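Residue-level structural notes
Residue strings, one per chain:
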Amino acid sequence: MTETTPFPDGFLWGAATSAYQIEGSPLADGAGPSIWHRFTRIPGKVRDGDTADVACDHYNRYLEDVALMKSLGLGAYRFSISWSRVMPEGRGAVNQKGLDFYRRLVDALHEAGIRPMATLYHWDLPAALDDRGGWTNPDIAGWFADYARTCFRALDGAIDLWTTLNEPWVIADGGYLHGVLAPGHDSPFEAPRASKNLLLAHAAGVTAYRAEGKGQIGLVVNLEPKYPASKRLEDLSAVARADAYMNRQYLDQALLGKVPEGLADIFGEAWEGPTDAELAAMKVPVDYVGVNYYTRAVVHDDPRSFPVMEGRTLQRNTTHTETGWEVYPDGLYDVLTWVRRRYGNVPLYVTENGAAFYDPPVSPEPLLNDPLRVAYLDAHLGAVRRAIAEGVDVRGYFAWSLLDNMEWAHGYRKRFGIVHVDFATQKRTPKASARFYAEVIRTNGACLRLAGS
Ligand code: BGC
């Protein structure tokens with residue numbers, strides 16, 4: 001295959017969302033509160049005091065949303081299941097009505113010819129489990145496996161692509177080390193403990209699936225390639241630390257059964273690494289790895305920045321998104337080829353890729369014009385195609401996100417959607433990027449070059 005040929009037949013073209021970010025109605029039909037339900041109620045934690053009590057009202061509008069996906073020609077839809085809808089207390093009693101919602105969604109997807117890909121955990125831990133220590137409690141691997149099994153028994157067959165965790169790095173770093181995400185803890189002692197339990201829970205989920213599942217299961221990680229700001233030894237060491245912490249921490253343990261070099265030193269006496277038995281338990285074969293890619297980091301040594309002692313060197317004369325992330329499509333090519341070099345030719349999906357940009361108001365334009373997002377998708381899909389041309393086994397791509405939604409601590413101000421959502425009226429309007437993506441799907445990527453020009 002050459003760089004200009006289309007994507008392989010059967011390539012999955014999808015878009016992604018997550019439960020808390022779009023569903024709304026967080027306590028409907030017997031659901032329990034999640035840590036995000038709680039976190040958004042703590043003054044100052046989320047911009048403008050936003051909550052996802054309504055969000056995109058997808059819980060009530062899922063049929064309209066599936067019709068929208070169909071109109072764009074999506075072949076797949078990646079969503080997440082809310083643990084506290086299924087188990088309001090996080091363990092024990094199952095809430096059938098919570099499961100029924102996902103069954104209705106999945107049935108509608110099948111009817112529309114769209115393949116569902118379900119993530120079991122996208123950051124919305126049941127608050128009742130946080131009361132027991134959440135991800136720092138070693139019992140959580142068992143709780144997670146029980147919850148996962150409940151979902152498999154109710155939905156496997158209708159769902160044949162499963163993900164255990166979305167971005168364990170963000171869960172531990174944002175939720176337990178820096179406290180900018182729920183549950184909002186900032187403890188260097190809790191973060192390594194949470195990381196270890198996340199990995200053990202992932203493995204327990206995969207093992208539960210092997211016992212009865214018929215499809216495929218994998219792990220989704222966010223990868224951000226690190227490049228040195230200079231050739232100084234200090235900067236090169238900072239790159240190695242940043243890479244161990246963010247990119248190798250989870251994949252090395254889950255796929256190779258080893259703790260990446262340098263990780264323990266980053267945490268010093270706070271490090272509570274896995275025992276040999278735990279490491280062995282973490283390493284279970286997965287069917288695929290999901291890669292979420294947004295940007296790169298050009299790194300320099302910064303002794304004041306705890307705990308990795310790395311700083312980011314701002315790049316000039318490049319485009320940055322509304323979240324301050326440099327647009328760097330080559331980084332996606334770099335991470336996809338790096339995964340193959342380091343971990344072998346494991347099947348990959350790009351499970352998230354996208355950008356928040358300022359979008360002009362919808363009215364009076366019937367079609368929202370978002371040229372920066374079109375260019376972003378075009379260039380990043382080109383990077384995926386290059387990786388495929390070099391033999392990397394990339395099986396699908398999911399744009400983040402289908403809808404503008406609740407961007408965690410940023411609230412509703414950062415719009416990642418290819419479809420605009422007017423949060424006052426809940427009106428959905430496909431942006432130019434949605435039309436562009438629909439054309440990419442229709443031509444299986446053959447239109448990419450033209451669209452970029
Ligand atoms: C997360 C999404 C989030 C996106 C943009 C990813 O880290 O999985 O939930 O909206 O990045 O920040």
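Now for a quick tour of the structure. (Residues numbered from 1 in each chain as written. Predicted model: local features only at pLDDT ≥ 70, side-chain atom pairs only at ≥ 80, totals over all residues. Heavy atoms only, no water.)

Before going further, it helps to spend a moment on the site of the ligand. Around the ligand sit Q21, H122, W123, N166, E167, Y294, W325, E352, W400, E407, W408 and F416, and those are all the residues in its vicinity. H122 has a polar side-chain atom sitting 2.9 Å from an oxygen atom of the ligand. At 2.5 Å from an oxygen atom of the ligand is found a side-chain nitrogen or oxygen belonging to E167. Grouping the amino acids of the shell around the ligand by side-chain chemistry returns six nonpolar, three polar and three charged. (Near = heavy atom within 4 Å. Polar contact = N/O pair within 3.5 Å; in protein donor to acceptor, adjacent residues only side chain to side chain. Nonpolar A, V, L, I, M, F, W, Y, C, P; charged D, E, K, R; others polar.)

What follows is about the sheet that holds strand β2 (residues 76–80). Read around the closed barrel, the eight strands follow the order β1-β2-β3-β4-β5-β7-β10-β11; overall the barrel is parallel. Taken pair by pair, the neighbouring strands of this sheet meet at an average axis angle of 25 degrees, ignoring direction. Two elements, strand β5 (residues 216–222) and strand β7 (residues 288–292), share five bridges in a ladder whose sense is parallel. Within the sheet, the bridge partner assigned to G218 lies in β7 and is Y288. Strand contacts of helix α10 (residues 233–256): β5 and β7, with the helix running at about 155 degrees to β5, the strand carrying the most contacts. (Pairing = 2+ DSSP bridges. Helix = DSSP H or I, 4+ residues; strand = E, 2+ residues; numbered from the N terminus. Axes fitted to C-alpha atoms, helices over the stretch in contact; angles between N-to-C directions. Contact = heavy atoms within 4.5 Å.)

Enumeration over the complete set of coordinates arrives at 31 salt bridges. Its salt-bridge partner being R210, residue D287 comes within 3.0 Å of it at the nearest N-O pair. Residue D287 is found in the loop between α12 (276–282) and β7, and its partner R210 is found in helix α9 (residues 190–212); the two are separated by 77 residues along the sequence. For D287, a relative accessible area of 23% corresponds to the partly exposed category. Between D370 and R373 there is a salt bridge whose closest N-O contact spans 2.8 Å. Among the residues examined, D370 registers a relative accessible area of 3% and is labelled buried. (Salt bridge = Lys/Arg side-chain N within 4 Å of Asp/Glu carboxyl O. Buried < 20%, exposed > 50% of the residue type's maximum accessible area, 1.4 Å probe, protein only.)

Summarising the sheet, strand β12 (residues 419–422) and strand β13 (residues 427–430) pair through four bridges and their orientation is antiparallel. By the bridge assignment for β13, V421 is matched with R428. Taking the residues between adjacent antiparallel strands as the criterion, β12 and β13 are bridged by four residues, where Q426 takes a positive phi near 65 degrees.

On to the packing of aromatic side chains, then. Here the structure, examined in full by the defined rule, presents 34 aromatic pairs. Here F7 and F11 contribute two aromatic rings whose centre-to-centre distance is 4.8 Å and whose plane-to-plane angle is 45 degrees, an arrangement assigned as tilted. Considered together, F7 and F11 belong to a single accessibility category, that of buried residues. Taking 4.8 Å as the distance between ring centres and 70 degrees as the angle between the ring planes, the aromatic pair formed by F7 and W13 counts as edge-to-face. Across the pair, exposure class does not vary: F7 and W13 are buried alike. Taken together through their ring pairs, the aromatic side chains of Y59, Y62, Y77, F79, F101 and Y102 make up a single cluster. Lying across the ring of Y328, R296 places its NZ or CZ 3.8 Å from the centre. (Phe/Tyr/Trp six-rings, centres within 6.5 Å; stacked < 30°, edge-to-face > 60°. Lys NZ or Arg CZ within 6 Å of the ring centre and 35° of its normal.)

Looking now at the packing of helix α3 (residues 58–72) against helix α5 (residues 96–111). α5 packs onto α3 with a crossing angle of 15 degrees between their chain directions and a minimal axis gap of 9 Å. Here α5 runs roughly parallel to α3, going by the angle between their axes. Two packed elements cross with a definite hand, and for α3 against α5 that hand is right-handed. In contact with H58, Y59, Y62, L63, V66 and M69 of α3, α5 contributes K97, F101, R104, L105, A108 and L109. Considered class by class, the residues forming the contact of α3 with α5 number nine nonpolar, one polar and two charged. (Parallel < 35°, antiparallel > 145°, perpendicular 65-115°, else oblique. Left-handed = near helix turned anticlockwise from the far one by under 90°.)

Quick look at the environment of T40 now. Turning to its location among the elements, T40 is positioned in the loop between α2 (35–39) and α3. With 147 residues separating them in the primary sequence, T40 and S187 have C-alpha atoms 20 Å apart. When residues no more than four places from it in sequence are discounted, the contact partners of T40 are Y20, V46, D50, T51 and M406. In terms of polar contacts, T40 uses its side chain to reach the backbone carbonyl oxygen of W36, at 3.0 Å. One polar contact links the side chain of T40 to the main-chain carbonyl oxygen of H37, over a distance of 3.0 Å.

Our next topic: the nonpolar core. Counting residues in hydrophobic clusters, the biggest one holds 139 residues, and the most contacted among them are W83, W135 and W162. It is α9 that provides the largest number of residues to this core, a total of 10 residues. Setting aside chain neighbours within four positions, we find W135 in contact with W83, Y121, L125, I140, L165, I171, Y176, R193, A194, N197, L198 and A201. Residues M117, L161, A355 and Y376 belong to the second largest nonpolar core, which totals 16 residues. (Core = buried A, V, L, I, M, F, W, Y, C linked by side-chain atoms within 4.5 Å.)

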